[in-house]
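Residue-level structure breakdown
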Amino acid sequence: MKDNACRHCGSDCGSSPVTFNDAIFCCHGCKAVYDILHKNELGQYYEIQPMSGIRIENAQPLRKFAFLDNSEISEKLETFRDGNISRVQFFIPSIHCASCIWLLEHLNTLHPAISYSDVNFPKKVVNITFRNDLLSLRQLAELLAAIHYVPEITLDSLETGKKSKTNRKLLIKIGIASFSFLNIMMYSFPEYLPGGDLLEQEFKNIFGWLSFFLVLPVVFYSANDYYLSAWKGLRHKIISIDLPITLGIIALFLQSSWEVFNGNGIGYMDSLAGLLFFLLIGKWYQGKTYEALSFERDYKSYFPVAVTKLDHDEEIFTPIRELKKGDRIRVRNQELIPADARLTEGNASIDYSFVTGEAIPVSRKTGDLIFAGGRQVGSMIELEVEKPVEQSYLTQLWNQKGQKDERQLLRNHVNTISHYFTIIILIIAFTAFFYWLGHDLSTAVYVFSSVLIIACPCALALTVPFTFGSTMRVFGRKGFYLKNADVIENLHKTNTIVFDKTGTITINRETDVRFHDGLPDKQTISLIKSMVMHSSHPMSLVLNEHLKEAEISEPELYEEIPGMGITGIVNGKRINIGSAAFVTGEEVSETLTESRVYVSIENELIGYYSIGNVYRNGLRGIIERLKSKYDLHLISGDNEAERERLAVYFGDGKQLHFNQSPTDKKTFVEELKSKGRKVLMIGDGLNDAGALATSQTGITIAEDVFSFSPACDAIMSSEKFDGLDRFMRFTGLSFGVVRTSFAISLFYNIIGLSFAVTANLSPLIAAILMPLSSITIVAFATVSVNLLARKYLRV
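Residues numbered from 1 in each chain as written. Predicted model: local features only at pLDDT ≥ 70, side-chain atom pairs only at ≥ 80, totals over all residues. Heavy atoms only, no water.

Within the chain one finds 26 helices and 28 strands. Across the chain, contacts joining residues at least 24 apart in sequence account for 68% of those joining residues at least 6 apart. Total accessible area on the chain is roughly 36100 Å²; 54% of this is exposed by carbon and sulfur atoms. (Helix = DSSP H or I, 4+ residues; strand = E, 2+ residues; numbered from the N terminus. Contact = heavy atoms within 4.5 Å. Areas by Shrake-Rupley, 256 points an atom, 1.4 Å probe, with all protein chains shown as cover.)

Right under this line is the structure:
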């Protein structure tokens, strides 16, 4: 433990820590939480994982949850309500360790009205059951906020029935398939065990009919996705992997049913149920890592539930969907601008980092139009709504969809192989059929169905789910989350990479602050800090954070002049901080590569602070490694201020593109695609949404993978950005595993077909070859990917 570390969260306490009960804290918020926990005998929170508390950088008043007093909103948020008992689910992004889970599952200690709480750690949600007559939903949210576990309640939380039931349906299908598979296997034992031929015919018939009825829901419900996919492919004149699977299922089912109807046993019912069980497990395996992530988001995932509306100067919390043009709203520090609106009162400092990727807030004056999606930084402001939420600029950006070619999505690597596989198998089946037709019709039918059964692409179909599923899980453990297996193939085919600038190759909310014309002494720094800490201007906020260790004094005089700077008297000295014109009285030709804040004391210029972007660690190395294989482009909504700096990384000329609007970015990607390029777009902000959706692959760089981001194909943790080239190279290794697995599958098929075409395929041989090939492929794919990851994917 560091000597100067906060007892609650572990942050550096600086030169002026808050002390309490012989412990030090970085802020009064951490001290308050520490006090609450100890008063309620919850000190074990710090023993499970020391200094694991949450620090709130921009604490907001608890009144932010006042909208929960609205019965319409609270009823929609509650997942259960019966009399005085309610249950609610809150998304809490700050859940991160065992201490968090322990505390949130002991909320009943903090308030007697809470009867039970449990945490779903992967999804970062807590389910709470409470007495609504003793504790309101607003009070519950305020209780969580008081201990720094602030619930994230958005407009999306009110949408009922939006959650996809796909995963639940898949689990039901797996359950049905596993139940049928295990029971049919039990009925099949007499077919394979010594002495099974001594079983009475009556029992064989019973086992056959039981197996037939058990396999019906597997064939007609659990397997229906494969039929639909095969039909969809045929409609697009494409033979996908699901077509031979469908043919194999039909052949297995019809042949086995024929044997059951004729009293000849249960046929291949066990192999059929086993095949579908393993296929469904493979599908589940692919998506298991990503339950807590959302790759498809709209504006409702970001907007608040309610807003403070003014009605004859009286504050009313109104659901955001009820806002209309002309309504007056009030927005406080760190609150979101919910709709395009015009500033009518107050000094606005708008953080548009989510929309534009720009880390530094921008100032707006009375009468200016402020677009939805920005966040106010500073004092309270009042606005007049210009457009409803659904018509705002933010929602237009979010709904800027790109069109991915559906035919192209179907033409993936495995489908190409299955195309030829299916044609060859059908040729073999019909050739064998006509050959044996000259000898005996029943033998010809038997051989035809045997070829389809033994060549059913069980192993072929399992190769991709388990290879790519293992790859997705390995990537997930490394901080790179893919939406589905198709993304692996698209990354492998990529030949052009387009980078956004702000927030992608630069670090969001970090700036490079330097003082020029000498190094100010400790007293000068203290004077500057004492002034900027009172200002809400974006540049002042940056300097205030940069000088956080400095000692402060209360100004005797303070004045802020909008658009110019701040002036005041501290310790008897006149200080001016702001633009060159304000501080020096002269217009200074400033470089475009940085913002400048000038400082004078007693009318004497002492220098200026330059404020610029900070590039991500390892940027030069990753660009150099990618250059050898891919065409690289940089596209940005900023001006050409940093062209010279970026030319060092990317090379000047056609690679650098500035002053690009969101529509321009999307158009640029479309032009690359029209030239046959396979485009990977990497961005972070909402202004990249159209380009991300239009490209073959869109990756969002996120400081927190659970936070909100535009719809994309993959989410990469920002700290793993320098491993991008290794992730892309590993997709090639995954394809190597797929090809080797195909070769193994082909080997098994050759053996099986040699028996089938000669009419010597016995149930015993089929029972051995089919599951053995599947198990071999699953084991090989899973083990190979993990071994390769240990060797080649060290990020």
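A few words now on the packing of aromatic side chains. Scanning the model with the defined rule gives 26 aromatic pairs in all. A ring pair is formed by Trp209 and Phe212, whose centres lie 5.8 Å apart and whose planes are at 80°; its orientation type is edge-to-face. Of this pair, Trp209 and Phe212 both sit in helix H7 (residues 201-222), 3 residues apart, which is roughly one turn of the helix. With centroids separated by 6.0 Å and ring planes inclined at 35°, the aromatic side chains of Trp209 and Phe213 adopt a geometry described as tilted. On the criterion of helical spacing, the pair formed by Trp209 and Phe213 is a turn pair, its members being 4 residues apart in helix H7. In this structure an aromatic cluster arises from ring pairing among Trp209, Phe212, Phe213, Phe220, Phe253 and Phe261. Across from the ring centre of Phe20, 5.4 Å away, lies the NZ or CZ of Lys31, which sits over that ring. (Phe/Tyr/Trp six-rings, centres within 6.5 Å; stacked < 30°, edge-to-face > 60°. Lys NZ or Arg CZ within 6 Å of the ring centre and 35° of its normal.)

Looking now at the packing of helix H21 (residues 619-627) against helix H25 (residues 724-756). Between H21 and H25, the shortest axis-to-axis distance is 9 Å and the interhelical angle comes to 30°. Residues Ile622, Arg625 and Leu626 of H21 touch H25, and the partners they reach there are Leu724, Asp725 and Arg726. Residue composition of the contact of H21 with H25, by class: 3 nonpolar, no polar and 3 charged. (Axes fitted to C-alpha atoms, helices over the stretch in contact; angles between N-to-C directions. Nonpolar A, V, L, I, M, F, W, Y, C, P; charged D, E, K, R; others polar.)

Here we take up the pattern of salt bridges. A side chain of one charge can pair with a side chain of the opposite charge if their charged atoms are brought near each other. Under the definition given, this model contains 22 salt bridges. In this structure, the salt-bridge partner of Asp225 is Lys173, at a minimum N-O distance of 3.0 Å. You can see Asp225 sitting in helix H8 (residues 224-235) and its partner Lys173 sitting in helix H6 (residues 166-192), a full 52 residues away along the chain. Shared partners join several salt bridges into a network, and the residues in it are Glu315, Arg328, Arg330, Arg332 and Glu382. (Salt bridge = Lys/Arg side-chain N within 4 Å of Asp/Glu carboxyl O.)

Consecutive side chains of a regular strand alternate in pointing toward one face of the sheet and then the other. Here strand E28 (residues 714-717) shows two buried faces, one formed by Ala714 and Met716 and the other by Ile715 and Ser717. Pairing geometry for strand E16 (residues 480-482) and E28, over 3 bridges, is antiparallel. Each residue of the ladder has a partner; that of Tyr481, found in E28, is Ile715. Relative to E28, strand E27 (residues 697-702) runs parallel, the two being bridged by 4 bridges. From the neighbouring strand, Ile701 faces E28, where its bridge partner is Met716. (Buried < 20%, exposed > 50% of the residue type's maximum accessible area, 1.4 Å probe, protein only. Pairing = 2+ DSSP bridges.)

Turning to the state of the cysteines, a few remarks are in order. Following the criterion strictly, the structure yields 0 disulfides and no others. Cys9 supplies the cysteine sulfur nearest to Cys26, a cysteine that is in no disulfide, at a spacing of 3.7 Å. Judged by relative accessible area, which is 14%, Cys26 ranks as buried. (Disulfide = S-S within 2.5 Å.)

Before going further, it helps to examine the nonpolar core. Counting 78 residues, the largest nonpolar core has Phe480, Leu482, Ile497, Phe499, Phe650, Ile699 and Leu724 as the members making the most contacts within it. Of all hydrophobic cores here, the second largest spans 49 residues; its members include Val33, Ile114, Leu143 and Ile153. (Core = buried A, V, L, I, M, F, W, Y, C linked by side-chain atoms within 4.5 Å.)

Turning our attention to the sheet that holds E27. Spatially, E16-E28-E27-E26-E17-E24-E25 is the arrangement adopted by the 7 strands of the open sheet, whose pairing is mixed. The open sheet has two free edges, formed respectively by E16 and strand E25 (656-657), since each of these has just one partner strand.

Read from one edge of the open sheet, 4 strands run E3-E4-E6-E5, paired in antiparallel fashion. Among the strands making up the open sheet, the edge pair consists of strand E3 (78-82) and strand E5 (114-120). The sheet shows a mean angle of 15° between the axes of neighbouring strands, direction not considered. With 6 bridges connecting them, E5 and strand E6 (residues 125-131) associate as antiparallel partners. Across the sheet, the residue bridging to Ser117 is Ile128, located in E6.

Should pLDDT be low for a region, the predicted coordinates there are not to be read in detail. For the chain, the average pLDDT comes to 80, and 83% of its residues sit at 70 or higher. This stretch, residues 160-164, has a pLDDT under 50; its non-local contacts, to residues over four places away or in other chains, come to 2 contacts. In the predicted structure, residues 406-411 sits below a pLDDT of 50 and forms 13 contacts with residues beyond four places in sequence or in another chain. (pLDDT = per-residue confidence, 0-100.)

We now examine the environment of Tyr609. Here Tyr609 lies in strand E23 (residues 604-615). The residues touching Tyr609, leaving out its near neighbours within four places in the chain, are Val513, Arg514, Phe515, Pro520, Ile528, Leu543, His546, Leu547, Ser595, Arg596, Val597 and Val599.

Right, let's talk about H21 for a bit. Those residues of H21 that sit buried are Leu619, Ile622, Ile623 and Leu626. End-on, the buried residues of H21 take up no more than an arc of 100°, which puts them together on one face. Of the surrounding secondary structure, the elements contacted by the buried residues of H21 are strand E17 (496-500), E23, strand E24 (631-635), helix H22 (643-650) and H25. (Arc of directions from axis to C-beta.)

Turning our eyes to something else, we now look at a nonpolar patch on the surface. Residues Phe430, Phe434, Leu437, Leu441 and Val445 make up a contiguous nonpolar surface patch of roughly 480 Å² in combined accessible area. At the level of secondary structure, the elements contributing two or more residues to the nonpolar patch comprise helix H14 (413-437) and helix H15 (441-454). Ranked by the residues each element gives to the nonpolar patch, the list is headed by H14, at 3 residues. Its place among the elements puts Phe434 in helix H14. Take Phe434: its relative accessible area is 54%, and that puts it in the exposed class. (Patch = residues over 30% accessible without salt bridge, like charges linked within 9 Å, V, L, I, M, F, W, Y side chains within 5 Å.)

Bringing the pairing of strand E10 (residues 341-345) into the picture now. Where E10 lies against strand E13 (residues 369-370), 2 bridges are found, and the strand directions are antiparallel. Counted as the bridge partner of Ala341 is Ile370 from E13. Here E10 pairs with strand E15 (residues 381-385) via 4 bridges, running antiparallel. Paired with Arg342 across the two strands is Glu384, which belongs to E15.

In this section: unusual backbone geometry. Look at His148: it is not a glycine, yet its phi comes out positive at around 70°. The exposure class of His148 is buried, given its relative accessible area of 8%. A positive phi angle, close to 55°, is found at Asn659, a residue other than glycine. Within the secondary structure, Asn659 sits in the loop between E25 and helix H23 (662-674).

On to the packing of H7 against helix H9 (residues 242-261), then. At their nearest, the axes of H7 and H9 sit 10 Å apart, and the two run at 160° to each other. Our classification of the angle between H7 and H9 gives roughly antiparallel. Viewed along their axes, H7 and H9 form a crossing whose handedness is left-handed. For the pair formed by H7 and H9, the contact residues are Gly208, Trp209, Phe212, Val215, Leu216, Val219 and Phe220 on the first element and Ile249, Phe253, Ser257, Val260 and Phe261 on the second. (Parallel < 35°, antiparallel > 145°, perpendicular 65-115°, else oblique. Left-handed = near helix turned anticlockwise from the far one by under 90°.)

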